[in-house]
Amino acid sequence: MNLQPTLIIAVLVAALLVSFVELHIMFRGDALKRKYFLFLVNAVFLTVVGHLLELMGGDTRGAFSGVRVLYIGSGLASPCLLFFVADYCEIKLHMFVRIFAVAAALAYAVIAWTTDVTGLLYATMEYDAVHTFYLTYTPGSLNFALRFFPILYITVAVVMLVRGLIRTEGRLRSTLLALLISVSLPYISEIVFHVLTRLGHIRANVYITPHILSIVVAAIYYNILRYDIDADTLAAVVAIDTISEPFILLDGDLCCLSSNKAARVLFPWINPEKHGSPVYTHAEWPKELSPAVFIDKAEDVDFAEQCGSRLFSASINATHIRRGERTLWSVLIRDVTESKNFLRSLEEVAYTDTLTGLYNRRHFSDIAAPYIERARRNGTPYYFMISDIDDFKLINDVHGHLAGDAVLRGIAQAMKRALRPYDIVARWGGEEFIIIITDIGSDEHVMALADRVRREVESLACEYMDKTLRVTISSGLARNLEDSDITDMTLRADEALYAAKAGGKNCVVLWTHPENGNAPSAGRRV
């Protein structure tokens, strides 16, 4: 039976198929440009073209010229397949393995290209012009190695895919299984070929390797197109599972495509196995991560755990694939509880007085400016009050500085109790305190509030060791004028404080504008 026309057509179809795959990869211009897969396609193309030249050789020497090209391609195809699978599975091959695999492939090509019948590859060969129109041969001394090393490379590639299949779950398992079948096709074809030969269904020595390799290329490429292995690869899944922080991959509709173990601990309801509904429709999804956040392309969004005290920050990034035809959203969530608490503690150190827990002088100056500006803009009055502990030095001298610290803490708490929630009180320095009073009706009202503070301190009993310490305070009040600033207000309140001290202590004095151009003087007192 003359098989030449059928074989030539089959090889031409295989060559065109591999050429289409190669051209499509080269001109797509997206993530499908995988270098090892492109190398594999080129190697298979050489194999198929060499087989076509062998079929059209016409005699032994012409056919062997085609076999030389075939050996260059088939020698490179197996290591390229191994490198592609290792790259896809994120397995780093040792440099020695890479060098050995390429060197062995090149050695086959050099031996085939530079020798005729040497007994190394073929002991004898003859061009069969009756049955198959290509070389029939008896194996040479290197023919076993020619078969052994490709089988070894494919075996290692199969082991890599099986390992990934065991470690992977979800939709990606079907991708790995399809790739495993594709890479295993040379095994499967050899088994089928030998079984059919033993059963007598195949009598001619049909050479199927180039056809099988072209089918392998087509099958792998189909998996690339069908499953978007560049958008959801084993490498990505393995990588995100090694991340200790929750990671979620969402599609354009904000449905979950993939997630790591940490994300499933934080959100147990996430199930990448089922496409399901958008994540924001679930009650447990943080309200801060609403669709508007993704539309606005916000990068970092803070949110709190619904049942607990932990704080999180979500980093959101958009990835466009297929030239912008598809959008994926990656959400990396970091537990920022400790860092936020640390920053809060730093702020407290920077803003508060460590002894009393009140604002310190520096922060008081920062927050007083907005109050003054708002009052100036609205035309409403505000007051500064500076209070000083009477005879505080005596407490330190008689009872010690620790007793003085206890008194300072007690007075700070007493002032907070007497003041309104929105009044601002700070430790001005030493035994002095300063207060901003706003939104109050008149001088009489602010004097009453200041006296309430005085009386609260007067009734305070500070327990220190086995002693009860009692103290009083003197306070000076100043009301803002049209052009008042912080410096003016503190100076006037200080002058009123001095008047309170001079007037007998344990009282409140309101500063009044000087009359007849004389120096400012203290006014009413309680």
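Residues numbered from 1 in each chain as written. Predicted model: local features only at pLDDT ≥ 70, side-chain atom pairs only at ≥ 80, totals over all residues. Heavy atoms only, no water.

### Some details on the pattern of salt bridges
- Tallying each qualifying case throughout the model produces 13 salt bridges.
- We note a salt bridge from D353 to R427, for which the minimum N-O separation is 3.3 Å. With D353 in the loop between α12 (337-351) and α13 (361-378) and R427 in strand β9 (residues 424-429), this residue pair connects regions lying 74 residues apart in the sequence. Across the pair, R427 and D353 agree in class, each one buried.
- The partner of R479 in a salt bridge is D443, and the shortest N-O contact between them spans 3.2 Å. Here R479 is found in strand β13 (residues 473-479), whereas its partner D443 is found in helix α16 (residues 443-458), with 36 residues between them in sequence.
- Overall, D443 belongs to the buried group, its relative accessible area being 16%.
- Connected through salt bridges with shared partners, the residues D451, R454, R455 and E458 form a single ionic network. (Salt bridge = Lys/Arg side-chain N within 4 Å of Asp/Glu carboxyl O. Helix = DSSP H or I, 4+ residues; strand = E, 2+ residues; numbered from the N terminus. Buried < 20%, exposed > 50% of the residue type's maximum accessible area, 1.4 Å probe, protein only.)

### Here we look at the nonpolar core
- Within the largest apolar cluster, 41 residues are counted, with the highest numbers of intra-cluster contacts made by F37, L40, V85, L161, V183 and I220.
- Only α2 (35-55), α3 (60-88), α4 (95-114), α5 (143-167), α6 (172-183) and α8 (209-227) provide two or more residues apiece to this core.
- In terms of residue count, the dominant contributor to this core is α3 (nine residues).
- If near-sequence neighbours (up to four positions away) are discounted, L161 is found in contact with V85, C89, L176, L179, L180 and V183.
- Judged by nonpolar contacts, the second largest core, of 36 residues, contains M385, A412, F433 and I435. (Core = buried A, V, L, I, M, F, W, Y, C linked by side-chain atoms within 4.5 Å. Contact = heavy atoms within 4.5 Å.)

### Re the packing of aromatic side chains
- All chains considered together, the criterion is met by nine aromatic pairs.
- Aromatic side chains F303 and F312 sit 5.5 Å apart centroid to centroid with 20 degrees between the ring planes, which places their arrangement in the stacked category. Both residues of the pair, F303 and F312, belong to the buried class.
- Judged by centre distance (6.1 Å) and plane angle (55 degrees), the rings of Y382 and F384 are tilted.
- Each residue in the set F364, Y382, F384 and W428 is aromatic and connected to the rest through ring pairs, giving one cluster.
- Positioned over the ring face of W428 is R361, at 3.9 Å from the centre of the ring.
- For the cation-ring pair, R492 lies above W511, with the distance from its terminal atom to the ring centre recorded as 5.3 Å. (Phe/Tyr/Trp six-rings, centres within 6.5 Å; stacked < 30°, edge-to-face > 60°. Lys NZ or Arg CZ within 6 Å of the ring centre and 35° of its normal.)

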